[in-house]
Amino acid sequence: MDPRIPTRVVVCDSAQLAWPSVDLKQNGHHSYPPQHYAPPPHVYHLAPEPQYRARPRPHQASGNGHNPRPQPQSQVMSVAHISDPAAAGSESNRPPAVPQGSRADKIDLTLGHMRRLMSYLPPLQIPAIHLAGTNGKGSVSAILDSILTVAGLRTARYNSPHLIEARDAIRIAGVPPPRNDYDTAVGTIRHIAAQRQIEVSPFELATAAAYYMFATAQPPIDVMIIECGMGGVNDATNVIPPAYNLASALTSVGLDHTTFLGDTIAAIADQKARITVPGGLLVTAPNLAPEALHVAHGIGYQLRAAVIEAGLTTVINEDRRPFSLSPFIPPQPLHVRTRIPVILDGRLVPGEDYVATRLPLGGQHQLDNLSLALTIVHVLSHDKRALSIQPALARITPPIMQRGVEATKWEGRCSWLKYKVPGTDRSIPVLVDGAHNADSAKTLRAYINELGAGIKVHFVISLSSSPGKSPESVLRPLLGQGDKVTLVDFTTPVDGMPWVKPSNKDEVEGVVNNLINDEAAVVDQPGVEGLKQILGAIGYNELAVVCGSLYLVADVYRLANST
């Protein structure tokens, strides 16, 4: 049998049948208390019976080519009931007002202001997939977006941080909104906030603007894909009405933003996995840290939500054109197959199904992101609750998944571009990646090592200053003996995020010099001008890798676009 062809292998033995089967229509999840976590049962319903009835939205006339949007029969539950019961009551229960201007350049992980602001905006009645995690959210969202688009659904996507400018964080039907439209949306939010005396942080402003554009888009949005910022339960994105939550998802969880989220994997996972809605669905990435997986199942138990672990993606051995630096031959897409759940009559049953695809995103870490994305769309295409919210999800089939994956693009993450050196006929390949923490630095190094032995690497690095994260924690898994390093600051202020600052280059230089046998070079000119100086001097036999901050990667794209 050709291993590249999706096959079903049904396994049924006494060991598997020893696990009790649980009907999610009765209790929403397996019956193990969180403190006595055991693997979930092998047979259970995907979700409780839906409490929704499909009917068209008022602005969605029949015959316009879009599916009718379901509305809940009963009153939509406020997000406050999920994450902060006390905040669901009167105005007096909201967090105290912040003095004027004090939130303008700070990170504020509270939801009181955001909830107030959203109450004055058009209702956010759009089916949503909500993503949380430390790394991989953007890649998962890009794969989901591509698959749903190929399936004929009109999508909206919100990522953070943006790449080059603030409106890049928003995609409607695959493209950023026109600048005038984005500026109008931001102006509308500012006006409402000022009129209602609601002080909003920059991230709340950007998120509310995205939600406003999605809610008023014409033609209407069929599915929106929302990436949390750094948090989860108290993230500004977590104001989606639970009745429209198709699924929540948890990507990899690592030690990042510990000052705000907690200093253990379990604490951070708890913050992020609590975007799950009662009676809903939480899909977790494969290879999740055991303590994060334990927390996810515990939250599922508490909320009577189904928790589904994504299966593994493996590489299918085949001959591919090898990578070459000169002449430049970029890495070819990986031919992979992903294990997905077997679903019969709306129930998960023992066994294995596979979908074979070609993955254009670089790096072994993308295998887990692909697994998560494929599991989400596969389950949603069969889940009764999800289909009651958005019936068009039934269009998703393995061939649709294959085409969607192959069409995926995600700039700035193990991506390649060619930079033409001004005044010469020379173009050099540049590998760019927004690796900014220990986990992402480790995966970037692994990707570089996969390219082949003997490659001389010239890192161009800028790090963001972040409480609780040291330069050494990022650079130690990234740098090796024989590497060259040049340090430069990214452009500031960062559009929409005035609090973001580069790390002190003297401190970073000291760390670099302790990790490699060569001294780091330091360029004083920041941003585009500094990169122009550095990239123009890259050796013919060197691989230029720009990383450490997505804001420096943005500067590379600005430079490449200008030349």
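The preceding data block contains the structure.
Residues numbered from 1 in each chain as written. Predicted model: local features only at pLDDT ≥ 70, side-chain atom pairs only at ≥ 80, totals over all residues. Heavy atoms only, no water.

*Asks:* I tried to follow the overall build of the chain on my own but got confused; where do I start?
*Replies:* From N to C terminus, the chain includes 18 helices and 20 strands. Taking all 563 residues of the chain together, the buried fraction comes to 56%. Put simply, the chain shows about 23200 Å² of open surface, and 51% of that area lies on carbon and sulfur atoms. (Helix = DSSP H or I, 4+ residues; strand = E, 2+ residues; numbered from the N terminus. Buried < 20%, exposed > 50% of the residue type's maximum accessible area, 1.4 Å probe, protein only. Areas by Shrake-Rupley, 256 points an atom, 1.4 Å probe, with all protein chains shown as cover.)

*Asks:* It is not clear to me how the packing of helix H5 (residues 137–150) against helix H11 (residues 365–380) should be interpreted in this structure. Could you clarify?
*Replies:* Two packed helices can be described by the angle between their axes and the distance between those axes. Remark: H5 packs on H11, axes separated minimally by 9 Å, with the N-to-C direction vectors making an angle of 45°. With respect to H11, the element H5 is oriented oblique. For the element pair H5 and H11, the recorded crossing hand is right-handed. Contacts between H5 and H11 involve Ser139, Val140, Ile143, Leu144 and Ile147 on the former and, on the latter, Gln366, Asn369, Leu370, Leu372, Ala373, Leu374, Ile376 and Val377. Looking at the contact of H5 with H11 residue by residue, the classes come out as 10 nonpolar, 3 polar and no charged. (Axes fitted to C-alpha atoms, helices over the stretch in contact; angles between N-to-C directions. Parallel < 35°, antiparallel > 145°, perpendicular 65-115°, else oblique. Left-handed = near helix turned anticlockwise from the far one by under 90°. Contact = heavy atoms within 4.5 Å. Nonpolar A, V, L, I, M, F, W, Y, C, P; charged D, E, K, R; others polar.)

*Asks:* Even after reading the chapter, I still don't get the sheet that holds strand S10 (residues 281–284), so can you show me in this structure?
*Replies:* What links the strands of a sheet is backbone hydrogen bonding, and the strands pair in either a parallel or an antiparallel sense. The mixed open sheet is built from 7 strands, whose spatial order is S7-S6-S8-S5-S9-S10-S11. On the outer flanks of this sheet lie strand S7 (170–172) and strand S11 (306–309), each paired with one strand and no other. Between one strand axis and the next, the sheet turns by 15° as a mean value, whatever way the strands run. Two strands pair when backbone bridges link them, and strand S6 (residues 155–158) and strand S8 (residues 223–227) are joined in this way by 4 bridges, in the parallel orientation. From the neighbouring strand, Arg157 faces S8, where its bridge partner is Ile225. (Pairing = 2+ DSSP bridges.)

*Asks:* How should I be thinking about helix H18 (residues 550–562) in this particular structure?
*Replies:* For an α-helix, the turn length of 3.6 residues means that residues three or four places apart are oriented alike. A rise of 1.5 Å per residue sets the reference length of H18, with its 13 residues, at 18 Å; its end C-alpha atoms lie 18 Å apart and thus fit the reference within 8%. Those residues of H18 that sit buried are Leu550, Tyr551, Leu552, Val553, Ala554, Asp555, Val556, Tyr557 and Leu559. Residues of H18 that are buried make contact with strand S15 (415–420), strand S16 (427–432), strand S17 (456–461), helix H17 (527–535) and strand S20 (542–547). Its side-chain oxygen 3.1 Å from the backbone nitrogen of Tyr551, Ser549 forms the N-cap of H18. (Expected span 1.5 Å × (residues − 1). Polar contact = N/O pair within 3.5 Å; in protein donor to acceptor, adjacent residues only side chain to side chain.)

*Asks:* Looking at this model, I keep getting lost on the pattern of salt bridges. Mind explaining?
*Replies:* Oppositely charged side chains may form a pair once their charged atoms are brought near each other. Tallying each qualifying case throughout the model produces 10 salt bridges. Of the charged contacts, one joins Glu529 and Lys532 as a salt bridge, the two residues approaching to 3.8 Å between their closest N and O atoms. Residue Glu529 and its partner Lys532 are located together in helix H17, separated by 3 residues, close to a single helical turn. Overall, the relative accessible area of 35% leaves Lys532 in the partly exposed class. (Salt bridge = Lys/Arg side-chain N within 4 Å of Asp/Glu carboxyl O.)

*Asks:* Would you explain the pairing of S11 in this entry?
*Replies:* Residues in a regular strand point their side chains to alternate faces of the sheet. Relative to S11, S10 is paired through 4 bridges, and the arrangement is parallel. Its bridge partner being in S11, Thr284 is matched across the sheet by Glu309. The handedness of the S10 to S11 crossover, carried by helix H10 (residues 290–303), is right-handed. (Right-handed = clockwise from strand over helix to strand, strands pointing away.)

*Asks:* Mind showing me how you'd approach the packing of helix H6 (residues 179–195) against helix H7 (residues 202–216) here?
*Replies:* Between H6 and H7, whose axes approach to 9 Å, the crossing angle comes to 115°. Considered as vectors, H6 and H7 are oriented roughly perpendicular to each other. The two elements H6 and H7 cross, and the hand of that crossing is right-handed. Taken together, the residues of H7 that come into contact with H6 (itself represented by Asp181, Tyr182, Ala185, Val186, Thr188, Ile189 and Arg190) are Leu205, Ala206, Ala208, Ala209, Tyr212 and Met213. Residue classes in the contact of H6 with H7 are distributed as 10 nonpolar, 1 polar and 2 charged.

*Asks:* When you look at the sheet that holds S16 in this model, what are you seeing that I'm missing?
*Replies:* The mixed open sheet is built from 6 strands, whose spatial order is S15-S16-S20-S17-S18-S19. Single-partner strands in this sheet number two, and they are S15 and strand S19 (521–522). One ladder, built from 6 bridges, connects S17 with S20; its direction is parallel. Among the inter-strand pairings, Lys456 is bridged to a residue of S20, identified as Glu542. Along the sheet, H18 makes contact with S15, S16, S17 and S20, crossing S15 at roughly 45°.

*Asks:* Looking at this model, I keep getting lost on the nonpolar core. Mind explaining?
*Replies:* In globular proteins that are soluble, nonpolar side chains generally tend to be buried together. The biggest cluster of nonpolar side chains holds 48 residues, and the ones touching the most others in it are Ile129, Leu144, Ile376, Leu380 and Leu393. When residues of this core are assigned to their parent elements, the largest contribution, 9 residues, is made by H11. Setting aside anything within four residues of it in sequence, one finds Leu393 in contact with Leu148, Leu153, Val223, Leu246, Leu380, Ser381, Ala386 and Leu387. Grouped together as the second largest cluster of nonpolar side chains are 38 residues, Leu111, Ala166, Ala169 and Ala185 included. (Core = buried A, V, L, I, M, F, W, Y, C linked by side-chain atoms within 4.5 Å.)

*Asks:* I'm lost on the packing of aromatic side chains in this one. Help?
*Replies:* What characterises a pair of aromatic rings is the spacing of the ring centres plus the angle enclosed by the ring planes. For the structure on display, the rule yields 5 aromatic pairs. Aromatic side chains Phe323 and Phe328 sit 6.3 Å apart centroid to centroid with 80° between the ring planes, which places their arrangement in the edge-to-face category. Look at Phe323 and you get buried, because its relative accessible area is 17%. Each ring, one from Phe323 and one from Trp416, has its centre 5.4 Å from the other, and the planes form 40°; the classification is tilted. One end of the pair, Phe323, is in the loop between strand S12 (313–315) and strand S13 (334–344); the other, Trp416, is in strand S15, and 93 residues separate them in sequence. Exposure class is identical for Phe323 and Trp416. Each is buried. These aromatic residues form a ring-pair network of at least three members: Phe323, Phe328 and Trp416. (Phe/Tyr/Trp six-rings, centres within 6.5 Å; stacked < 30°, edge-to-face > 60°.)

*Asks:* Can you walk me through the environment of Leu531 in this structure?
*Replies:* With respect to the helices and strands, Leu531 occurs in helix H17. Relative accessible area serves as the criterion here: at 0%, Leu531 is assigned to the buried category. Each residue touching Leu531, except ones within four places of it in the same chain, is listed here: Val460, Gly536, Leu552, Asp555, Val556 and Leu559.

*Asks:* Would you mind showing me how to read the pairing of S13 here?
*Replies:* Across the 11 residues of S13, 8 count as buried, placing the element largely inside the fold. By the bridge criterion, 3 bridges tie S12 to S13 in an arrangement that is antiparallel. Residue pairing for S13: Thr314 is matched across the bridge by Arg337. Judged from the 10 bridges that link them, S13 and strand S14 (residues 347–359) form a sheet pairing that is antiparallel. Considered in S14, the bridge of His335 is made with Arg358. Hairpin geometry of S13 and S14 is characterised by an intervening segment of 2 residues between the two adjacent antiparallel strands and by a positive phi of about 55° at Asp345.

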